[in-house]
Amino acid sequence: MAIQKKHGKGRLDKWYKLAKEKGYRARAAFKLIQLNKKYGFLETSKVLLDLCAAPGSWCQVAAEVMPVNSLIVGVDLAPIKPIPRVITFQSDITTEKCRATIRQHLKTWKADTVLHDGAPNVGTAWAQDSFNQAELALQSMKLATEFLIEGGTFVTKVFRSKDYNPLLWVLNQLFTKVEATKPPSSRNVSAEIFVVCRGFKAPKRIDPRFLDPRYVFAELTGATPNNEAKVYNPEVKKRKREGYDEGDYLLFKEVPASEFIQTTDPIAILGSCNKLAFSQPLGGDIALAALEKLPETTEEIRQCCQDLKVLGRKDFKLLLKWRLKARDIFGFSTKGNGQEEDAVGEEVVEVESMDEELRIQEELQNMKDKETSKKKRERRKENEKKQREVVRMQLNMVAPMDIGMEESGPIGEGAMFSMKAADKSGALRRLNRGKMVVVSDRAQTAAHKIAERPDGGENESDDEEDLLERELDYMYDDYRERKAEADAKYRVKKAKEERGDDEWEGLSAEEGAEKSDSSELEEEDSSDDEEDQPARSLLVDLDSQPLTDGLSKRASAFFSQNIFKDFATNGKGIDINGNGFAQKNAVDGQFREEKHLNGADAGSNTRVDTLKLTSQDHFQEDNDDDDGNFEVVKKNESDDWEEEKRLPDGKLDIDIITAEAMTLAHQLATGQKTSHDAIDDGFNKHAFRDKEGLPEWFLDDEGKHDRIQKPITKAAANAIKEKLRAFNARPIKKVREAKARKKFKAAQKLERLKKKSDMLANDAGMTEKEKAESIAKLLSKAARKKPTQPAKLVVARGSNRGIQGRPKGVKGRYRMVDPRMKKELRAQKRVSQKKKR
Ligand SMILES: C[S@@+](CC[C@H](N)C(=O)[O-])C[C@H]1O[C@@H](n2cnc3c(N)ncnc32)[C@H](O)[C@@H]1O
């Protein structure tokens, strides 16, 4: 049967091929491998339950990694082909029957790990899919709560949807550590995400509502729609990406015009309906008839009522005015006639209030803008100052004690070279960049004048500057978007950059190891006394959950995620000083360079290690010196998915791909340069590039052009050229695939052969000689090539004349031949035989 290739989604990616190569039944195997690599739960498990296991790649991985004699049970709606050391059966995990069968298989044991990679019949509406997925995950959690051992691990797949947070909240109540993570082998286009829950609390009783999808996902009806925005600002169209509102599946909504007059919330009607109708209902509507006859109900009003979705702000204003007039005539309360509307609780829309409201909104926006630009400015200045001080300190220009000291004396307020004056005229920035600018008297007096103005004279120019900067940013974003649309390569590059060069990190914030440890300890301590153990008794009562900080349950569920924990406790983010980064980049860059060189010079392997150490030490020292000015986020080794590739002999597998690296490798190998020289080269003006506060377009441009052009040798350039030539001369993809298939089949054959010979070798009923003979027979049979059948000749005559493809009734290899050619060949044969005679 032909393999159906799903090119559209790029399904046949590297994980697919790798899975084929390694004999896994699905590429999903690598998701479990990667999750296990990060959390290491399989090695310590003796009993595992795999819910939704077909075709069985997770079971294969579990059987490989878990200790021998472990119990692995897999269940799925679809049949699973037998897997050695794994018990499988076919059932629906949401049924009681499935639960009973699992119980039978597990007997009295409890599972150390429960896996769930279930995917319902995807492909229907997105909202439906994701809900089913979340529901399935909840079902699997239900099974997990029954079969998991205390402290056990539960891994489940969920989709990032609005059901995600409630589900996570419930999981957080049942497990001590819950982390959401997306392994690299999971496609980026897929909304799937894996939640790894460790440390099952094993409560004695669980509130059934925890496991009831109707309750857990209950608060899902979205916030009340923002009808005001639709009416006040109808020109700004927002696409609705969440589908229909809960319980409201109508596309076209029509209400009688009289209802619009009578309602207390006209904005809601204008924002949500399509038409205000004047047609009489079955029983007749007097109010509607009267409304229709009003002189205020002009033709324009009627036209506006026809289709509310195409109206602009002016039209809505017109309708609201009309409503007020009609209300006035019908004797409904309006603000204008002084009735006690507030007492009745009736809301009246004032037409003028739209302008008023808009004005207030604008003012508020302006104030906000000013505030943010001011803050931004201050932050920028502060950063610039810090940066300068650190750079000066590194250049031994300042003693640490100088930092933070009031400028006085020769560099003080009234000094000849007043930095303040230079700063005000903007010359300081230029000075910092190395341009020698003399602050002229005129500039100084201007600066003083500006300083004397009540707002310091800075606001206007800074606002202008900010505006200009923002405009540039927008234009640059726009340019990049256009470029991304037109240029696929650019898109790939950007995506790589955004992903941080394939480095993958889990999605949840790392919980502090100490914190989690201590919480575990606490749990252990308290396990002796069951009365004192709230986690093990009835869990949190969902109804009695108070609203924390005035937040709704949904909001507090969202903010209760681990990722917000740190913010809640210390309120401080991690401040990474730009300079720290620059320095680290410099050293990192050097490391990378070193890594490249390592491949060229095997002997320098150890040298590189030492270099790494010293550089790191150096970096550490700098850190310490810095008086805690900036905090460096240490790289968590466990987060690294991509390990350094090593050759079987333990050396780093390094590919030199640029002529610069090849030149440097050459120089190192021949002793023209030492690794210390290479490090020294890394410290240059580019290494300390100031990135703080600079616009993105500028940084991008700098990244492209502001770099050292290292000299390259002819030999190195030729070597790289030769390498590229060899690379381009590789066989085409089809040939490579065919070869890989052949290799794979051969490996499978070998595997089968091995198994058979093992069976023969272990057969107690045979003598050693017999065993040797039968194994030799097996091998010779396998080594024998199947005789290839000669291709059948099919004469292109009669119904076969001029056909394309396989002729009817012909099986196996065939060759179409021209009837005349056959005759001619026969004739040639005859002639040659005659000549011989
Ligand atoms: C992505 S596959 C699982 C792949 C599996 N982890 C592996 O490694 O081969 C999802 C599976 O969920 C199963 N499934 C969906 N709903 C189910 C249900 N209610 N009960 C049991 N299995 C279900 C489907 O039959 C499908 O085989």
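Residues numbered from 1 in each chain as written. Predicted model: local features only at pLDDT ≥ 70, side-chain atom pairs only at ≥ 80, totals over all residues. Heavy atoms only, no water.

Side note on the sheet that holds strand 3 (residues 87-90)
What counts is decided by this rule: Pairs of strands are assigned from DSSP output, requiring at least two bridges between the strands. In DSSP terms, a helix is any run of H or I states spanning at least four residues, a strand is any run of E spanning at least two, and both are numbered starting from the N terminus. Axes here mean lines fitted to C-alpha atoms, for a helix over just the part in contact, with angles spanning 0 to 180 degrees between N-to-C directions.
Strand order in the open sheet made by the 7 strands is 3-2-1-4-5-7-6, with mixed pairing throughout. Each edge of the open sheet carries a strand with a single partner, namely strand 3 and strand 6 (175-181). Sheet twist, expressed as the average angle between the axes of neighbouring strands with direction ignored, equals 15°. Pairing between strand 2 (residues 71-76) and strand 3: 4 bridges, direction parallel.

Regarding the UniProt feature "binding site: S-adenosyl-L-methionine" (unreviewed entry) in the protein chain
Defined as follows: UniProt positions are given in the numbering used here, feature names are shortened, and annotations may be inferred rather than shown by experiment. Any two residues whose heavy atoms approach within 4.5 Å at even a single point are treated as in contact. Polar contact is defined as a pair of N or O atoms within 3.5 Å, subject to the rule that within protein one atom must be able to donate a hydrogen and the other to accept it, and that residues adjacent in sequence are counted only when both atoms are side-chain atoms. Throughout this description, buried means an accessible area under 20% of the type-specific maximum (1.4 Å probe, protein chains only), exposed means over 50%, and partly exposed covers the range between.
Annotation from UniProt places "binding site: S-adenosyl-L-methionine" (unreviewed entry) at Gly56, Trp58, Asp76, Asp92 and Asp117. If you trace the backbone, Asp76 turns up in strand 2. Not counting the four nearest positions on each side in its chain, Asp76 is found in contact with Cys52, Ala53, Ala54, Phe89, Gln90 and Ser91. Separated by 2.7 Å, the side chain of Asp76 and the backbone nitrogen of Ala78 make a polar contact. Position of Asp117 among the secondary structure elements: in the loop between strand 4 (111-116) and helix 5 (126-147). Taking relative accessible area as the criterion, Asp117 reaches 14% and is therefore assigned buried. Residues in contact with Asp117, not counting those within four places in the same chain, are Ala28, Leu51, Cys52, Trp58, Lys157 and Phe194. Within the structure, the side chain of Asp117 is placed 3.0 Å from the side chain of Lys157, a separation counted as a polar contact.

Some details on the site of the ligand
Convention followed: What makes a residue near a molecule or strand is one non-hydrogen atom of that residue sitting within 4 Å of it.
Neighbouring the ligand are 18 residues, the closest being Ser57, Trp58, Asp76, Asp92 and Asp117. The contact in question runs from a nitrogen atom of the ligand to an N or O atom on the backbone of Ile93, over 3.0 Å. At a separation of 3.4 Å, an oxygen atom of the ligand approaches a polar backbone atom of Ala119.

A look at helix 27 (residues 675-682)
Operational definition: Relevant arc is that of directions from the helix axis to the C-beta atoms, nothing else.
Residues of helix 27 that are buried include every one of Ser675, Ala678, Ile679 and Gly682, and no others. Down the axis of helix 27, the sector holding all buried residues measures 100°, keeping them to one side. Helix 27 presents His676 and Asp680 as exposed residues on the side facing more than 90 degrees away from its buried surface.

Notes on the packing of helix 26 (residues 659-669) against helix 29 (residues 714-728)
Stated formally: For classification, angles of less than 35 degrees are called roughly parallel, those exceeding 145 degrees roughly antiparallel, those between 65 and 115 degrees roughly perpendicular, and all remaining angles oblique. Rotating anticlockwise by less than a right angle from the far helix to the near helix defines a left-handed crossing, while the corresponding clockwise rotation defines a right-handed one. Throughout, the ten residues Ala, Val, Leu, Ile, Met, Phe, Trp, Tyr, Cys and Pro are labelled nonpolar, Asp, Glu, Lys and Arg are labelled charged, and all others, Gly among them, are labelled polar.
Where helix 26 meets helix 29, the closest approach of the two axes is 8 Å, and the angle between their N-to-C directions is 125°. Judged by the inter-axis angle, helix 26 sits oblique to helix 29. Where helix 26 crosses over helix 29, the handedness of that crossing is right-handed. For the pair helix 26 and helix 29, the contacting residues are Ala659, Met662 and Thr663 in the first and Ala716, Ala717, Ala719 and Ile720 in the second. Taken together, the residues of the contact of helix 26 with helix 29 sort by class into 6 nonpolar, 1 polar and no charged.

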